[in-house]
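# Secondary and tertiary structure notes
In case you want the letters, here they are:
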Amino acid sequence: MKHIILTGFMGSGKTSVGIRLSYRLRRAFADTDRLIEREQGKAISDIFAQDGEEVFRKMETQMLRKLAGLKEPQIISTGGGLPVRAENRPLLKALGTVVYLKVSPETVYERLRDDTSRPLLQCEDPLSRIRELLAAREGAYREGADVTVAVDGKSFDVILEEIEEKTK
Ligand code: S3P
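Starting afresh in each chain, residues are numbered from 1 along the sequence in its written order. Thresholds applied to this predicted model are a pLDDT of at least 70 for local features of residues and 80 or more for the giving and counting of side-chain atom pairs; totals over whole chains, interfaces and linings are not thresholded and use all residues. Side-chain calculation: all heavy atoms of the structure are included, whereas hydrogens and water are not.

## A word on the site of the ligand
Nearness is judged by heavy atoms alone; a residue qualifies as near a molecule or strand once a single heavy atom is within 4 Å of it. Taken together, 14 residues sit near the ligand, with Lys14, Asp33, Arg57, Arg118 and Arg137 positioned nearest. Measuring from an oxygen atom of the ligand, one finds a backbone N or O atom of Gly80 at 2.9 Å. Within the backbone of Gly81, one N or O atom sits 3.3 Å away from an oxygen atom of the ligand. Exposure was quantified through the Shrake-Rupley algorithm and a 1.4 Å probe, taking into account, for residues, occlusion by the shown protein chains and nothing else. Look at the ligand: alone it shows 380 Å² of surface, and the protein chains cover 96% of it. Of the grid points, spaced at 1 Å and generated over the protein atoms alone, those admitting a 1.4 Å probe that cannot get out make up cavities, while open sets with protein on both sides within 12 Å along at least five of seven lines make up pockets; any residue with an atom within 4 Å of a point is treated as lining. The rule for placing a molecule in a cavity or pocket is simple: more than half of its atoms must lie within 2 Å of the grid points. A majority-of-atoms criterion places the ligand in the largest pocket. When contributions to the shell around the ligand are tallied by element, the ones reaching two or more residues are helix H3 (44–51) and helix H4 (53–67). When residue character is reported, Ala, Val, Leu, Ile, Met, Phe, Trp, Tyr, Cys and Pro are called nonpolar, Asp, Glu, Lys and Arg charged, and the others, Gly included, polar. Split into classes, the residues belonging to the shell around the ligand amount to six nonpolar, three polar and five charged. Any pair of N or O atoms that falls within 3.5 Å is considered a polar contact. Within protein, one atom must be able to donate a hydrogen and the other to accept it, and sequence-neighbouring residues count only if both atoms are side-chain atoms. Secondary structure elements follow DSSP: runs of H or I no shorter than four residues count as helices, runs of E no shorter than two count as strands, and numbering proceeds from the N terminus.

In structure tokens:
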């Protein structure tokens, strides 16, 4: 069972690329954030505010274990912090081919500057926070991935072709 799993920082395009890839490959699409929200009956920002980040991280690990039961090969988009937990990285790889969408802090900032749905970026200086978090996470993204696709300045078509080529 080989799923294609998309990882990467917030704003790297995991969901928008994943939906397009699912059309292109005619496979179902799943997104760990949306699955957790549906299961919990509340938004990620409410889970962070009411239960705390650590509880959310445990939910992510549980969700990865549940996804191991999927029958058909799917495209799976993941929350931006999911590969940071060491125990999640082998779980990700066991699901299929993990594609790390690599993005620069500046692109993330441009894409998410007006977004209020990411609790980790609701601060005085989001660009500095993005830089710090990305630098701290880069190693985990690389270690947890089979292939890396840089996304800055590329169209969806180019990104999709690169993913198809690298996951053949
Ligand atoms: C997070 C990324 C978010 C979501 C949560 C935490 C992170 O997902 O899981 O807000 O730690 O980077 P997206 O990458 O889909 O925005």
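## Structural notes on the nonpolar core
Only buried residues count toward a nonpolar core, which is a set of Ala, Val, Leu, Ile, Met, Phe, Trp, Tyr and Cys residues joined through side-chain atoms within 4.5 Å. We call a residue buried when its accessible area falls under 20% of the maximum for its residue type, exposed when it is over 50%, and partly exposed in between, using a 1.4 Å probe and counting protein chains only. In terms of nonpolar packing, the biggest core is built from 42 residues, with Leu6, Phe9, Met10, Val17, Val99, Leu101 and Ile163 touching the most fellow members. By residue number, the principal contributor to this core is H4, which donates five residues.

## Some points on helix H8 (residues 156–166)
All of the buried residues along H8 are Ile159, Leu160 and Ile163. On an axial view of H8, the arc spanned by its buried residues comes to 100°, and they lie on one face. Whether two residues touch is decided by their heavy atoms; if any such pair falls within 4.5 Å, the residues are in contact. On its buried face, H8 is in contact with strand E1 (3–7), helix H1 (14–25), strand E4 (96–102) and strand E5 (147–150). Starting at the helix axis, one direction is taken to each C-beta atom, and the arc is that of these directions.

## Examining the environment of Ala136
Counting through the fold element by element, Ala136 comes out in helix H7 (residues 126–143). Overall, the relative accessible area of 64% leaves Ala136 in the exposed class. Taking the C-alpha atoms as reference, Ala136 lies 9.1 Å from Val84; in sequence the two are 52 residues apart.

## Quick look at the layout of surface pockets
By volume, the largest pocket is sized at about 520 Å³. Met10, Gly11, Lys14, Asp33 and Arg118 are, among the 30 residues lining the largest pocket, the residues nearest its centre. Taken together, the elements giving at least two residues each to the lining of the largest pocket come down to H1, helix H2 (32–40), H3, H4 and helix H6 (105–112). Here the residues of the lining of the largest pocket are counted per class, giving eight nonpolar, twelve polar and ten charged. Grid points are joined across faces, edges and corners, and a volume is the space filled by probe spheres set on the points.

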